[in-house]
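Each chain is listed here by its residues.
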Amino acid sequence: MQQINQEPYPYQTDEIDLRKLFNSLVARKLLIFGLTAFVTLLAIIFATNLTPIYKSNALFTAPDNNSMIHINKLQFTKELKDSVFSSFLTTLSSKQFQTKVFLDGGYLALFNPENNPIDSAPVFIANTLKSIAISRPSVTQKDLALGFLNEMPYSVSIEGANAELMTRYLNELIDRADEKVINDLIKNSNQQVDFRLSEILLEREALILKAKQSRLNEIVVLKDAATIAKSLGIVNNNFSQIGDENITSNLIIAIGDNQTLPDWYLYGEKALLERANILSNRENDEPFIPQLIKLEAEKFNLESAEMQDMSNANSMQLNKIATNPNSPIKPNKRMIVMLAFIGSFMVSIFLALVMGALKPDEESSA
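Residues numbered from 1 in each chain as written. Predicted model: local features only at pLDDT ≥ 70, side-chain atom pairs only at ≥ 80, totals over all residues. Heavy atoms only, no water.

**Q** Residue-level account of the overall build of the chain, with values.
**A** Scanning the chain from N- to C-terminus turns up 14 helices and 4 strands. Sequence-distant contacts in the chain: of pairs separated by 6 or more residues, those separated by 24 or more amount to 82%. With the model as given, the accessible surface of the chain reaches about 25200 Å², and the carbon-plus-sulfur share is 57%. (Helix = DSSP H or I, 4+ residues; strand = E, 2+ residues; numbered from the N terminus. Contact = heavy atoms within 4.5 Å. Areas by Shrake-Rupley, 256 points an atom, 1.4 Å probe, with all protein chains shown as cover.)

Structure, rendered in structure tokens:
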């Protein structure tokens, strides 16, 4: 009778293979748990020793109308909200200004409390401040509709290990940038005032010089007219003879239509010389210059104008000051430990399977 060899069903083969794999893993459980525990422990130690990084930020918008009223009370100042706010953003983002605030505030020593040697102060400062970022937060129109904000605010933030110092520096940076913009506006106004006062002085001197030259020219003209009058024998003025019907025709000077009588005839030598003498002895021409009145009034207004109180003027409107963050933004220690645990567990299982494939157990070899 012929014996029929029965082939095992596929599911039987798979069942045997899975049992072998399971037995192989059980046999090397110490390797799996040991390697997983060791790597996880290393990850816990590594994550515990990582320096936490904090992030502090502040929110601000363009200056309000009250600030703009105070700003535009300055002499020769006509600013718009956008121009003032743009100056603030430019100043705030300036690396040179950030470094100046850092040095002026003594933060170089504060951020290095152990007084460790610093190879390069500029590099140390640049690395400390490189995380400063200015951006517009993602505020929706729904947020604006709630009435808490009138416009989209800007944000300035900084990251670092010392949360308290970062917050302190960030608030000081904002205050100093705002102060600098206002002081620059005041300085520009004062410079414009000084420049205009210098112009008024030059205009005044030019008017006085012009008046003096006109007076000297008039003296020359009067003396020439007096010479003509003397040569014609006209010593006194002839005002009383003009229009007198009894005056003979010999005393009437024939002149053309629409022409005035010459001074030498009207005034005569004596009056002309007296007039020239008066002009020569004049010590001050200023009372005879009408334009000086307007210049003196403008000069008085510029010099007597009181400096406006700019304590309530700001180049931005602070919506939220920087505060000490409660928790670090990185590193995520839980995530590091979790990834180390899962990764080491999977690697240990893989190693156990490889070792089982390369070195079969006694039952399989039999």
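**Q** Now, about the environment of A225: what can you tell me, with residues and values included?
**A** Positionally, A225 belongs in helix α9 (residues 163–231). A225 sits 37 residues away from P262 along the chain, and the two C-alpha atoms are 8.4 Å apart.

**Q** Account for the pairing of strand β1 (residues 54–61), naming residues and giving values.
**A** Pairing analysis gives 7 bridges linking β1 to strand β3 (residues 154–160), with the strands arranged antiparallel. Its bridge partner being in β3, N57 is matched across the sheet by S157. (Pairing = 2+ DSSP bridges.)

**Q** Provide a residue-level description of the pattern of salt bridges, including the pertinent values.
**A** Under the definition given, this model contains 13 salt bridges. R196 is the partner of E298 in a salt bridge, and the nearest nitrogen-oxygen pair spans 2.7 Å. Taken together, the residues span a long stretch of sequence, with E298 in helix α12 (residues 291–304) and R196 in helix α9 at a distance of 102 residues. Between D285 and R215 there is a salt bridge, with its nearest N and O atoms 2.9 Å apart. Of the two residues, D285 sits in the loop between α11 (268–280) and α12 while R215 sits in helix α9, which places them 70 residues apart along the sequence. Each of the two residues, D285 as well as R215, counts as buried. Several salt bridges share partner residues, and in doing so they unite R196, E199, E203 and E298 into one network. (Salt bridge = Lys/Arg side-chain N within 4 Å of Asp/Glu carboxyl O. Buried < 20%, exposed > 50% of the residue type's maximum accessible area, 1.4 Å probe, protein only.)

**Q** Before we move on, can you summarise the sheet that holds strand β2 (residues 133–135) with the specific residues and values?
**A** Strand order in the open sheet formed by 4 strands is β2-β3-β1-β4, and the pairing between neighbours is antiparallel. Edge positions in the sheet fall to β2 and β4 (317–320), since each of these pairs with one other strand and no more. Neighbouring strand axes in the sheet, compared pairwise and without regard to direction, differ in orientation by 30° on average. Pairing analysis gives 3 bridges linking β2 to β3, with the strands arranged antiparallel. Within β3, the residue paired with A133 across the bridge is S157. Contacts from helix α4 (residues 81–93) reach β1, β2 and β3 within the one sheet, and its direction differs from that of β1 by about 160°. (Axes fitted to C-alpha atoms, helices over the stretch in contact; angles between N-to-C directions.)

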